[in-house]
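Residue-level listing of the chains:
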Amino acid sequence: VTAPASRRGAAALRADELAVGQTFETVVVTDLKRTQIVQYAGASGDYNPLHTDEVYATMVAGYPSVFAHGMLTMGLTGQAIAGLVGTESLLRFGVRFTAQVWPGDTLTVRTSVIRIDEADGGPVAEFSVSTMALSATDGEGREVMSGYAQARLAA
Amino acid sequence: MGALRFPVEAGHVLAFARALGAADPPGGLPRAGDAAPATFAIAAAQFDPEYPLRPRPWTPKARGGSGGASLPKGGPGGWVPPGEEEPAEPPWHGSGADAGLVTEGVGGLHAEQHFTYHRPIRVGDVLVPSTRPGEAWEKQGRSGRLRFRERITEFRDEAGQLVVTARSVSVQREAS
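Presented here is a report on the structure given in the accompanying data block. What you see is a predicted model; the values in this text were computed from it and never measured. (Residues numbered from 1 in each chain as written. Chains lettered and ligands numbered in written order. Predicted model: local features only at pLDDT ≥ 70, side-chain atom pairs only at ≥ 80, totals over all residues. Heavy atoms only, no water.)

1. Description of the overall build of chain B
Here is step 1 of the chain: Looking only at helices and strands, chain B has one helix and five strands in total.
Here is step 2 of the chain: Secondary structure elements of chain B occur, N-terminal to C-terminal, as β-α-β-β-β-β.
Here is step 3 of the chain: A total of 176 residues make up chain B; the buried ones form 39% of that total.
Here is step 4 of the chain: Excluding contacts between residues fewer than 6 apart, the proportion of contacts in chain B whose partners are at least 24 apart in sequence is 61%. (Helix = DSSP H or I, 4+ residues; strand = E, 2+ residues; numbered from the N terminus. Buried < 20%, exposed > 50% of the residue type's maximum accessible area, 1.4 Å probe, protein only. Contact = heavy atoms within 4.5 Å.)

2. Here we look at the packing of aromatic side chains
One pair of aromatic rings is described through two measures. These are the centre distance and the angle between the planes.
Residues and elements named next belong to chain B.
Here is step 1 of the chain: All told, the structure shown has nine aromatic pairs over all chains when counted by the stated rule.
Here is step 2 of the chain: Seen from their ring centres, tryptophan 137 and phenylalanine 148 are 5.4 Å apart, and the 5 degrees between their planes marks the pair as stacked. Taken together, the positions of tryptophan 137 in strand E3 (residues 126-141) and phenylalanine 148 in strand E4 (residues 144-156) put the pair 11 residues apart, joining distant regions of the chain.
Here is step 3 of the chain: Here phenylalanine 148 falls in the buried class, since its relative accessible area comes to 11%. (Phe/Tyr/Trp six-rings, centres within 6.5 Å; stacked < 30°, edge-to-face > 60°.)

3. Focus on helix H1 (residues 34-44) of chain A
Here is step 1 of the chain: All buried positions along H1(A) are accounted for by Gln36(A), Ile37(A), Tyr40(A), Ala41(A), Ala43(A) and Ser44(A).
Here is step 2 of the chain: If you follow the buried residues of H1(A), they end up packed against strand E1 (23-29), helix H2 (49-52) and helix H4 (70-85) of chain A together with helix H1 (10-19) of chain B.
Here is step 3 of the chain: Following H1(A) by one or two positions, Gly45(A) has its phi on the positive side, about 95 degrees.

4. Remarks on the pairing of strand E2 (residues 109-117) of chain B
Here is step 1 of the chain: Bridge count for strand E2 (residues 90-97) of chain A against E2(B) is five bridges, and the pairing is antiparallel. Its bridge partner lying in E2(B), Arg92(A) is registered against Thr116(B).
Here is step 2 of the chain: Note: E2(B) against strand E5 (residues 162-173) of chain B, eight bridges, orientation antiparallel. Its bridge partner lying in E5(B), His110(B) is registered against Ser170(B). (Pairing = 2+ DSSP bridges.)

5. Considering the pairing of strand E4 (residues 124-134) of chain A
Residue and element names in this part refer to chain A.
Here is step 1 of the chain: With eight of its 11 residues buried, E4 lies for the most part within the structure.
Here is step 2 of the chain: Here strand E3 (residues 106-117) runs beside E4; their pairing, made up of 11 bridges, is antiparallel. When the sheet's bridge partners are listed, serine 112 is paired in E4 with serine 128.
Here is step 3 of the chain: In sequence, E3 turns back onto E4 through a hairpin of six residues, with glycine 121 there showing a positive phi of about 90 degrees.
Here is step 4 of the chain: Pairing analysis gives 11 bridges linking E4 to strand E5 (residues 141-152), with the strands arranged antiparallel. Each residue of the ladder has a partner; that of threonine 131, found in E5, is methionine 145.
Here is step 5 of the chain: Hairpin connection of E4 to E5: six residues between the antiparallel strands, including glycine 139 at a positive phi of 70 degrees.

6. Here's the deal with the side chain of His114(B)
Here is step 1 of the chain: Take His114(B): it is sitting in strand E2.
Here is step 2 of the chain: Within the local environment of His114(B), its side chain forms a polar contact with the side chain of Glu112(B), the two groups lying 2.8 Å apart.
Here is step 3 of the chain: Setting aside residues no more than four positions away along its own chain, His114(B) makes contact with Phe93(A), Gly94(A), Val95(A), Tyr148(A), Thr165(B), Ala166(B) and Arg167(B). (Polar contact = N/O pair within 3.5 Å; in protein donor to acceptor, adjacent residues only side chain to side chain.)

7. Brief notes about empty space enclosed by the protein
Here is step 1 of the chain: Scanning all chains against the criterion turns up two cavities of 30 Å³ or more.
Here is step 2 of the chain: Together, Thr87(A), Leu90(A), Ala36(B), Pro37(B), Ala38(B), Tyr117(B), Arg119(B), Pro120(B), Ile121(B) and Val164(B) line the largest cavity.
Here is step 3 of the chain: Partitioning the lining of the largest cavity into residue classes produces eight nonpolar, one polar and one charged. (1 Å grid on protein atoms, 1.4 Å probe; cavity = no way out; pocket = protein on both sides within 12 Å on 5 of 7 lines; lining within 4 Å. Points joined across faces, edges and corners; volume = space filled by probe spheres on them. Nonpolar A, V, L, I, M, F, W, Y, C, P; charged D, E, K, R; others polar.)

8. Quick notes on the pattern of salt bridges
Residue and element names in this part refer to chain B.
Here is step 1 of the chain: The tally for this structure, following the rule as stated, stands at 16 salt bridges over all chains.
Here is step 2 of the chain: Of the charged contacts, one joins aspartate 24 and arginine 18 as a salt bridge, the two residues approaching to 2.8 Å between their closest N and O atoms.
Here is step 3 of the chain: Since its relative accessible area comes to 38%, aspartate 24 is described here as partly exposed.
Here is step 4 of the chain: Across the salt bridge formed by glutamate 154 and arginine 132, the nearest N and O atoms sit 3.6 Å from each other. Taken as a pair, glutamate 154 in strand E4 and arginine 132 in strand E3 lie far apart in primary sequence, 22 residues in all.
Here is step 5 of the chain: For glutamate 154, a relative accessible area of 18% corresponds to the buried category. (Salt bridge = Lys/Arg side-chain N within 4 Å of Asp/Glu carboxyl O.)

9. So, the sheet that holds E3(A)
Strand pairing in a sheet relies on backbone hydrogen bonds. The paired strands run either parallel or antiparallel.
Here is step 1 of the chain: Judged by pairing direction, the sheet is antiparallel, and its 10 strands sit side by side in the order E1(A)-E3(A)-E4(A)-E5(A)-E2(A)-E2(B)-E5(B)-E4(B)-E3(B)-E1(B) without closing on themselves. The sheet is open, and its two edges are formed by E1 of chain A together with strand E1 (6-7) of chain B, each paired on a single side.
Here is step 2 of the chain: On top of the sheet, H4(A) reaches E1, E2, E3, E4 and E5 of chain A together with E2 of chain B; it is set at about 145 degrees to E2(A), its chief contact. (Axes fitted to C-alpha atoms, helices over the stretch in contact; angles between N-to-C directions.)

10. So, the interface of chain A and chain B
Here is step 1 of the chain: The interface is formed by 38 residues belonging to chain A together with 41 residues belonging to chain B.
Here is step 2 of the chain: Of the roughly 3,200 Å² buried where chain A meets chain B, counting both sides, 59% is carbon and sulfur surface.
Here is step 3 of the chain: Summed over the shared surface of chain A and chain B, the result is two salt bridges.
Here is step 4 of the chain: The partner of Arg96(A) in a salt bridge is Glu112(B), with the nearest N and O atoms 3.6 Å apart.
Here is step 5 of the chain: Elements that contribute at least two residues to the side of chain A that touches chain B include exactly H1, H2, helix H3 (54-60), H4 and E2 of chain A.
Here is step 6 of the chain: It is E2(A) that provides the largest number of residues to the side of chain A that touches chain B, a total of eight residues.
Here is step 7 of the chain: Grouping the constituent residues of the side of chain A that touches chain B by class yields 21 nonpolar, 11 polar and six charged. (Buried area = accessible area lost by both parts, 1.4 Å probe.)

And the structure:
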């Protein structure tokens, strides 16, 4: 596992800096605040009250609290991947949402190099992506999102 | 119905990136041609005039709007001032004076999202999204039947070139 913090703002990784089997871990949010969920609602335009309205989420919808938009988790995860390979180089990015992300959660993105193929236009890397949440209340860790990304690397 | 035109504006990209914890770019604002975050296509919702998950300040029918679903007068969130027609659009289902309304048909929960990038979305683009239904399937869940529905949205630039293809899967639990 490569230390992720040092990669923040660093240049995109080149093909010769990546090898199959490498895993990067990036903490993308610590103690998720309800206000960040509101911030994301405003920016994305998704005002579903399940995400921003504690009264509605608990009393009408029956959830223990509001929870983050899946797309907030995917967006945070995308930032971590962009930190590795750069947004410009992304070819594909897809995920499945497997569990809710709650206020107070700390999210860690684990990105692993699955394969690197030589292709026209440069080497293409495939990554598996897994985002884990650590709950502030019970200290329990769980996977909340899993998926893949594909990027064309600078040679 | 989706957005007719999706202008990729610097301030919008800045606000979206900030919500994802990104540091502001040098100079404070993204510049024309800068790549937007990888998931930015989803923010096309802002430009969909009929996006159901955006509240609309209540407008009496007399001042515009046509038809729309009717909810019981005097019901939760459905207060109608004396002498006014019922609202032109359903009232927002979130909490106000009361805790809100149980709603159907606002899309269920997001199960999957996939993006294929033909090129990055860039500040200054004006994208034209077009959405079509994809597959639909059902699965037996632990607490009832789950109905999955796929939607595919192609984002093209003004020259008609494909920029991003988005595939989203939503899931709705059927009352058992």
